[in-house]
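Each chain is listed here by its residues.
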Amino acid sequence: MNRINQKLNQDNKLLSIYFTAGYPSLNDTVKVIQDLEQNGVDMIEIGLPFSDPLADGPTIQESSTVALKNGMTTKLLFEQLKDIRQSVNIPLIIMGYFNPMMQYGIEAFCAKCQEIGIDGLIIPDLPVAEYHEHYQEIFEKYGLINVFLITPQTSDERIRFIDSVSNGFIYMVSSASTTGAKSTFGDVQQDYFNRIQDLKLKNPQIVGFGISNNETFSQATKTTKGAIIGSAFIKHITNNGVNSISDFVKKIR
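All figures in this text were calculated on a predicted structure; none of them were measured in a lab.

(A) Up close: the pairing of strand 1 (residues 14-20). The element strand 1 is extensively covered by neighbouring structure, given that 7 of its 7 residues are classed as buried. What you see with strand 1 is no split at all: Leu-14, Ser-16, Tyr-18 and Thr-20 on one side and Leu-15, Ile-17 and Phe-19 on the other are buried throughout. Across 4 bridges, strand 1 lies against strand 9 (residues 226-229) in parallel orientation. The residue of strand 9 that forms the bridge with Ile-17 is Ile-229. Once you follow strand 1 into helix 2 (residues 29-38) and on to strand 2 (residues 43-47), the crossover reads as right-handed.

Right, dumping it as structure tokens:
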């Protein structure tokens, strides 16, 4: 069983952390992953930096820009992660845009992910119909779970189609805006969380965008399996360095 599914089968609410590979410094990638696992994080999303990250807010965009200037590439990320499964057991997901993966070669990219122990991919700009028609067999051949995003504007029909082609979890974007931390969620978000819960989907949902503290984590996980934190974590390591990861995780849980 894929490590993502193993985590999803556990009773607890899951905390997933996103960070940008090669940030703050080029060679911080492995240390960040190891420290996150050691401090009780359940899953990690490793951001593959891209020059035009349309779904990302300013914090993650800036981290991508810095990582690219530092010299991060797809090939280098795979090199950094080649021995990661000797020290890390929790699910690892690469989140990135489709263009760098196409440049690497889709099947070659998937094969490399399997080789080093990546469990899944999140590709915001890969439409679900395109995936289903052209790429699903390749992803499944290499044991990769592809995670799709839904938003408050996504129709019930499309959500059900995404649910039908998914075999892990659904990334539930908390709002229609780009990524970014919020201090609390309002009635609009709560209504959206309840609406998705009422659909009774076969795949669990994990909420992302706007999770920044214990309050938003608790709100987001009342009706879902877990929550993803990105911008708030990147701000934390920007201001406090990568040796302060335990302080951040303690504030969430």
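Back to the text.
(B) Structural view of the nonpolar core. Core analysis: the biggest nonpolar cluster contains 85 residues, and Leu-36, Ile-46 and Phe-233 have the highest contact counts within it. The contacts of Ile-46, once residues within four sequence positions are left out, are Phe-19, Ala-21, Ile-33, Leu-77, Leu-81, Leu-92, Ile-93, Ile-94, Met-95 and Ile-118.

(C) Structural view of the pairing of strand 7 (residues 170-173). Of the two faces of strand 7, the one carrying Ile-170 and Met-172 and the one carrying Tyr-171 and Val-173 are both buried. Looking at chain direction, strand 6 (residues 149-150) and strand 7 are connected through 2 bridges and run parallel. Paired with Leu-149 across the bridge in strand 7 is Tyr-171. Relative to strand 8 (residues 205-208), strand 7 runs parallel, the two being bridged by 4 bridges. The partner of Val-173 across the bridge, within strand 8, is Gly-208.

(D) Structural view of the side chain of Gln-189. Secondary-structure assignment places Gln-189 in helix 9 (residues 187-199). Polar side-chain contacts of Gln-189 include one of 3.2 Å to the backbone nitrogen of Gly-186. Each residue touching Gln-189, except ones within four places of it in the same chain, is listed here: Ser-174 and Ser-175.

(E) Structural context of helix 8 (residues 156-165). Within helix 8, burial applies to Ile-159, Ile-162, Asp-163 and Val-165. Contacts from the buried residues of helix 8 go to helix 7 (128-141), strand 6, strand 7 and helix 9.

(F) Spotlight on the environment of Lys-7. On the secondary structure map, Lys-7 appears in helix 1 (residues 3-8). Given a relative accessible area of 14%, Lys-7 falls into the buried group. The contacts of Lys-7, once residues within four sequence positions are left out, are Leu-14, Asp-42, Ile-90, Pro-91 and Lys-225. Within the structure, the side chain of Lys-7 is placed 3.4 Å from the side chain of Asp-42, a separation counted as a polar contact.

(G) Representation of unusual backbone geometry in the model. The peptide bond linking Tyr-23 to Pro-24 adopts the cis configuration, its omega dihedral lying at 0°. The phi dihedral of Lys-200 falls on the positive side, at around 50°, and the residue is not glycine. The topology assignment puts Lys-200 in the loop between helix 9 and strand 8. Overall, the relative accessible area of 67% leaves Lys-200 in the exposed class. Phi at Phe-209 takes a positive value of approximately 75°, unusual for a residue other than glycine. Looking at the secondary structure, you find Phe-209 in the loop between strand 8 and helix 10 (214-220). The class for Phe-209 is buried, based on a relative accessible area of 7%.

(H) Broad picture of the sheet that holds strand 2. Strand order in the open sheet formed by 9 strands is 5-4-3-2-1-9-8-7-6, with parallel pairing between adjacent strands. Unpaired on one side and paired on the other, strand 5 (145-147) and strand 6 mark the two borders of the sheet. Here 4 bridges tie strand 2 to strand 3 (residues 92-95), and the two strands are oriented parallel to one another. By the bridge assignment, Gly-47 is partnered in strand 3 with Met-95.

(I) Seen up close, the packing of aromatic side chains. If you walk through the whole model with that rule in mind, you get 10 aromatic pairs. Judged by centre distance (5.2 Å) and plane angle (80°), the ring pair of Tyr-131 and Phe-139 falls under edge-to-face. Of the residues examined, Tyr-131 reaches a relative accessible area of 1% and is grouped as buried. Both rings, one in Tyr-131 and one in Phe-148, keep their centres 5.2 Å apart while their planes meet at 65°; by these two values the pair is edge-to-face.

The rules behind these values
All residue numbers here refer to positions counted from 1 along the written sequence of the relevant chain. The model is predicted, so local features are restricted to residues of pLDDT at least 70 and side-chain atom pairs to those at 80 or more, both for listing and for counting; the totals for chains, interfaces and linings are taken over all residues. As a convention, hydrogens and water are excluded, and side-chain values are obtained from all of the structure's heavy atoms. Remark: exposure states derive from per-residue accessible area (1.4 Å probe, protein chains only) relative to the maximum for the residue type, with buried under 20%, exposed over 50%, and partly exposed in between. The numbering of helices and of strands both runs from the N terminus, where a helix is a DSSP run of H or I of at least 4 residues and a strand a run of E of at least 2. Between any two strands, at least two bridges found by DSSP are needed for them to pair. When the strands point away from the viewer and the connection leading from the first strand across the helix to the second strand turns clockwise, the crossover is called right-handed. Buried Ala, Val, Leu, Ile, Met, Phe, Trp, Tyr and Cys residues form a nonpolar core when they are joined through side-chain atoms within 4.5 Å. Should any heavy atoms of two residues lie within 4.5 Å, those residues are counted as being in contact. A 3.5 Å cut-off defines polar contacts: any pair of N or O atoms within that distance qualifies, except that in protein one atom must be a possible hydrogen donor and the other a possible acceptor, and neighbouring residues in sequence count only when both atoms are side-chain atoms. Ring pairs shown here join Phe, Tyr and Trp side chains whose ring centres sit within 6.5 Å, with only the six-membered ring taken for Trp; geometry is labelled stacked below 30 degrees between planes, edge-to-face above 60, and tilted in between.

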